[in-house]
Amino acid sequence: QECAARGANVLLGPTVNIHRSPITGRHFECFSEDPFLTSRCAVSYVRGVQRFSAACVKHCVGNDQEADRGHSNSVISERVLHEVYLQPFEACVRQAGAQAIMPGYNRLNGQYCAENRHLLQEVLRDTWQFQGLVVSDWWANRTTNKALEAGLNVEMPGIEPRYFGGYLLEQARDGRVSTELLDERCRPILR
């Protein structure tokens, strides 16, 4: 109700990362070290928020340390990734209809999350059938084409774009970005 009262279209939450260390700086935003419990809490949270506004589930995925979180590399096997780390995100998408996802600052198995095609396109969109918006964390986007091709829709903060904005427009005009891809990435924004 506060979102609606303030005219906010998106609430940046919940944070559904899994507690892995008791000293991680942002765990006060998270629910639990248990993926099942986190999933149950997050689904209820998203359903409640989305009665009034879109919920942006964050920080997808493996964003579980504070030290050097902008450049850390979370090396996670595919099985553990799906059984533990992605479980709350999947529940929010499939059970609660989450309308937005925010990738983490970190790298996942060597690729920054905001430009990780396996994560954003193959898992999120193709496997889970996510139709919503993928929004970067503040200054977490590091590329134009790679992030756009991977599945990123919006670069934040929008007031001072680093790789989208005018840079993306210039690349589209030069033919380095296809109009089909731009259309695909704009559709969730316009919904």
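In what follows, the accompanying structure is described. Computed from a prediction, not measured in an experiment: that's the story for all the values here.

## Points about the side chain of Arg125
So, step 1. Position of Arg125 relative to the elements: it lies in helix H5 (residues 117–127).
So, step 2. Lacking a salt bridge, the buried Arg125 has Glu184 as its closest oppositely charged neighbour, with an N-O distance of 5.9 Å.
So, step 3. In this structure the side chain of Arg125 is engaged in a polar contact, spanning 2.8 Å, whose partner is the backbone oxygen of Gly151.
So, step 4. When sequence neighbours within four positions are dropped, the list of residues in contact with Arg125 reads Leu120, Phe130, Gly132, Val134, Gly151, Asn153, Arg185 and Pro188.

## Focus: the pairing of strand S4 (residues 100–103)
So, step 1. Burial along S4 is two-sided: Ala100 and Met102 and Ile101 and Pro103, pointing in opposite directions, are all buried.
So, step 2. Across four bridges, the pairing between strand S2 (residues 54–60) and S4 is parallel. Within the sheet, the bridge partner assigned to Cys60 lies in S4 and is Pro103.
So, step 3. In the sheet, S4 pairs with strand S7 (residues 133–134) via two bridges, with the strands oriented parallel. Bridge pairing links Ala100 to Leu133 in S7.

## Examining the sheet that holds S4
So, step 1. Taken in spatial order, the four strands make up an open sheet running S1-S2-S4-S7, and their pairing is parallel. Looking at the sheet topology across the chains shown, the edges are occupied by strand S1 (10–11) and S7.

## Comments concerning the environment of Arg142
So, step 1. Along the chain, Arg142 falls in the loop between S7 and helix H6 (145–150).
So, step 2. In the structure, Arg142 is positioned 21 residues away from Tyr163 in sequence and 6.9 Å away in space, judged by C-alpha atoms.
So, step 3. Every residue in contact with Arg142, bar those within four places of it in the chain, is listed here: Gly70, His71, Tyr105, Tyr112, Glu115 and Tyr163.
So, step 4. From its side chain, Arg142 meets the backbone oxygen of Gly70 in a polar contact 2.5 Å long.

## Overview of the pattern of salt bridges
So, step 1. Evaluation of the coordinates by the stated rule reveals seven salt bridges.
So, step 2. A salt bridge links Glu29 to Lys58; the shortest N-O distance between them is 3.7 Å. In this pair, Glu29 is assigned in the loop between S1 and helix H2 (35–49) and Lys58 in strand S2, connecting sequence segments 29 residues apart.
So, step 3. Here Lys58 falls in the buried class, since its relative accessible area comes to 8%.
So, step 4. Ionic pairing is found between Arg79 and Glu83, a salt bridge with its closest N-O pair at 3.0 Å. Taken together, the residues Arg79 and Glu83, both in helix H3 (residues 78–85) and four residues apart, mark about one turn of the helix.
So, step 5. The class for Glu83 is partly exposed, based on a relative accessible area of 44%.
So, step 6. Via salt bridges that share partners, Glu170, Asp174 and Arg176 belong to a single interconnected network.

## Quick word on helix H8 (residues 179–190)
So, step 1. Compared with the 16 Å implied by 1.5 Å per residue over twelve residues, the 16 Å span of H8 between its first and last C-alpha is a close match.
So, step 2. Regarding H8, the residues found buried are Leu181, Leu182, Arg185 and Pro188. Along H8, the residues classed as buried sweep out an arc of 130° about the axis, all on the same side. In H8, the exposed residues that point more than 90 degrees away from the buried face are Glu180 and Leu190.
So, step 3. Close packing links the buried residues of H8 with H5, S7, H6 and helix H7 (165–173).

## Quick notes on the sheet that holds strand S3 (residues 73–74)
So, step 1. The three strands lie next to each other as S3-S5-S6, forming an open sheet whose pairing is mixed. A single partner strand is all that each edge strand has here, and the edge strands are S3 and strand S6 (111–112).
So, step 2. Sheet analysis places strand S5 (residues 107–108) next to S6, joined by two bridges and oriented antiparallel. Across the sheet, Arg107 pairs through a bridge with Tyr112, a residue of S6.

Rules used throughout
Residues numbered from 1 in each chain as written. Predicted model: local features only at pLDDT ≥ 70, side-chain atom pairs only at ≥ 80, totals over all residues. Heavy atoms only, no water. Helix = DSSP H or I, 4+ residues; strand = E, 2+ residues; numbered from the N terminus. Buried < 20%, exposed > 50% of the residue type's maximum accessible area, 1.4 Å probe, protein only. Lys, Arg positive; Asp, Glu negative; His and termini not counted. Salt bridge = Lys/Arg side-chain N within 4 Å of Asp/Glu carboxyl O. Polar contact = N/O pair within 3.5 Å; in protein donor to acceptor, adjacent residues only side chain to side chain. Contact = heavy atoms within 4.5 Å. Pairing = 2+ DSSP bridges. Expected span 1.5 Å × (residues − 1). Arc of directions from axis to C-beta.

Keep in mind that these numbers describe shape and distance, not what the molecule does.
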